Amino acid sequence: MRQGYAAVLCVLAVLGLEAAAPGECELTRLLQDKLQYEMRLQYMKHYFPINYTVQVQYEEVLRPPNITRLRNGMVSEAALQYLWFHVSSQAVLRIREVLPEKHPSWKYTQELCQLFDALGKEYSKYRQTDVEVVVADLVKLVHSGGAESRRKAVRPKALLDNCLKVMRMLYGVPCRWEST
């Protein structure tokens, strides 16, 4: 390992940040490009009826304040990235569930699903037992989909807006993205 890279990892470890794997950075960069404002607006707002909402579990809405609260609770960045992946991929699936195949947004959501599938391969090395209990419990709730969970009506665009904002919070520094 080169000395410069080792020094950067050491600084990140001291700051409590963990470097994202190069594959994660590339895939999240592609996701960021796919989640540009104009595309979210066109595919998730203009192509849906006015005030259309999708029913999601309360835990499937991950916003920046949730991340800040978890960070303050000393949850690791890797665990937060793991949580973001599961919540965001589930949100895209929820949107896709309500779309007929001939809907103009179908192809867009399919492309997002493919990017999340590729990112899932990066996260396949993690097990729920490797992350903090609070994150593992949230991931279990997101995937349970049981009737006992609380439901919330959310606009499709809002789900993807939150996905992008949280992704920028979690990957902007470790992946050295320019501020966009």
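Just above sits the structure.
We now turn to the structure provided with this report. Computed from a predicted structure; not experimentally measured.

### Describing the packing of helix α4 (residues 64–72) against helix α5 (residues 77–97)
Point 1. Relative to each other, α4 and α5 sit at 150 degrees, their axes nearing to 10 Å. By the criterion of interaxial angle, the relationship of α4 to α5 is roughly antiparallel. Between α4 and α5 lies a crossing of right-handed hand. Between α4, through I67, L70 and R71, and α5, the contact on the second element is made entirely by E77, L80 and L83.
Point 2. Partitioning the contact of α4 with α5 into residue classes produces four nonpolar, no polar and two charged.

### Description of the environment of Y47
Point 1. When you line up the elements, Y47 lands in the loop between α3 (37–46) and β1 (54–57).
Point 2. For Y47, a relative accessible area of 32% corresponds to the partly exposed category.
Point 3. Filtering out sequence-adjacent residues up to four positions away, Y47 remains in contact with Q42, H103, P104 and S105.
Point 4. At 2.6 Å, the side chain of Y47 forms a polar contact with the side chain of Q42.

### Some words on the packing of α3 against helix α8 (residues 156–171)
Point 1. Contact geometry for α3 and α8: axes closest at 8 Å, N-to-C directions at 155 degrees. Comparing their axes, α8 and α3 come out roughly antiparallel. Crossing angle aside, the handedness with which α3 passes α8 is right-handed. Facing α3, whose interface residues are Y37, R40, L41, M44 and K45, α8 presents P156, K157, L160, D161 and L164.

Analysis parameters
- Residues numbered from 1 in each chain as written.
- Predicted model: local features only at pLDDT ≥ 70, side-chain atom pairs only at ≥ 80, totals over all residues.
- Heavy atoms only, no water.
- Axes fitted to C-alpha atoms, helices over the stretch in contact; angles between N-to-C directions.
- Helix = DSSP H or I, 4+ residues; strand = E, 2+ residues; numbered from the N terminus.
- Parallel < 35°, antiparallel > 145°, perpendicular 65-115°, else oblique.
- Left-handed = near helix turned anticlockwise from the far one by under 90°.
- Contact = heavy atoms within 4.5 Å.
- Nonpolar A, V, L, I, M, F, W, Y, C, P; charged D, E, K, R; others polar.
- Buried < 20%, exposed > 50% of the residue type's maximum accessible area, 1.4 Å probe, protein only.
- Polar contact = N/O pair within 3.5 Å; in protein donor to acceptor, adjacent residues only side chain to side chain.

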